[in-house]
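# Structure assessment
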Amino acid sequence: VHHYTEAASGRCFGPLDLGKVLRFCRALSNRLADRKRPLVLGTPPGDPNARTNAATLLGAYLIFISGWTIDQVVEVLGKEANRSFACSWARKDKLEPKRNMKVS
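To keep things clear, this report deals only with the structure shown in the data block. Just so we're clear, the structure is a prediction, and the values are computed from it rather than from any experiment. (Residues numbered from 1 in each chain as written. Predicted model: local features only at pLDDT ≥ 70, side-chain atom pairs only at ≥ 80, totals over all residues. Heavy atoms only, no water.)

### Structural notes on the packing of helix α3 (residues 48–64) against helix α4 (residues 70–77)
Worth spelling out the cut-off: To obtain each axis, a line is fitted to C-alpha atoms, and for helices this fit is confined to the stretch in contact; angles are then taken between N-to-C directions over 0 to 180 degrees. Helical segments are the DSSP runs of H or I of at least four residues, strand segments are the runs of E of at least two, and each set is numbered from the N terminus. Should an angle fall under 35 degrees it is called roughly parallel, over 145 degrees roughly antiparallel, and 65 to 115 degrees roughly perpendicular, with every other angle called oblique. By the definition used in this description, the sense in which the near helix is turned from the far one sets the handedness, with an anticlockwise turn below a right angle giving left-handed and a clockwise turn giving right-handed. We call two residues in contact whenever any of their non-hydrogen atoms come within 4.5 Å of each other. Following the grouping adopted for this structure description, the nonpolar residues are Ala, Val, Leu, Ile, Met, Phe, Trp, Tyr, Cys and Pro, the charged ones are Asp, Glu, Lys and Arg, and the polar ones are all others, Gly among them.
Axis separation between α3 and α4 bottoms out at 10 Å; the angle between their running directions is 140°. When the interaxial angle is binned, α3 and α4 end up oblique. Handedness of the α3/α4 crossing: right-handed. Contacts between α3 and α4 involve A55, L58, G59, L62 and I63 from the first element and I70, V73 and L77 from the second. Its residues assigned to classes, the contact of α3 with α4 comprises 7 nonpolar, 1 polar and no charged.

Here is the structure:
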């Protein structure tokens, strides 16, 4: 969450705001149109929050730009589509409530 300090964000790590999602979609579309070599979307090893955000961004691209359905995205992303986000008010010093918002 870009407008809060890390301490104020608690467990929150996403979802990304719509403006950033749309910028990612546009940038990926441009990179794919101009690719001269394979394009790889990676995340830091052992960072589940980054993997969740990456799955969200890729799913958004497939839906917004490629016109896929949610079912198609879930099929392709597999278990990554079941990743979930912490509530934005979930504090690090308290037991985390059940995560309800998912990638798919």
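There is more to say, and it comes next.
### Let's talk about a nonpolar patch on the surface
What counts is decided by this rule: A patch consists of residues whose relative accessible area exceeds 30% and which take part in no salt bridge; residues with like charges are grouped when within 9 Å of each other, and nonpolar side chains (Val, Leu, Ile, Met, Phe, Trp, Tyr) when within 5 Å. Computed with the Shrake-Rupley method and a 1.4 Å probe, the accessible areas treat only the protein chains shown as cover for residues. A pairing counts as a salt bridge when a side-chain nitrogen of Lys or Arg comes within 4 Å of a carboxyl oxygen of Asp or Glu.
A contiguous nonpolar surface patch, about 610 Å² in accessible area, is contributed by L18, L22, I63, F64, I65, I70 and V74. Secondary-structure elements contributing two or more residues to the nonpolar patch are α2 (18–33), α3 and α4. Among the secondary structure elements, I63 is positioned in helix α3.

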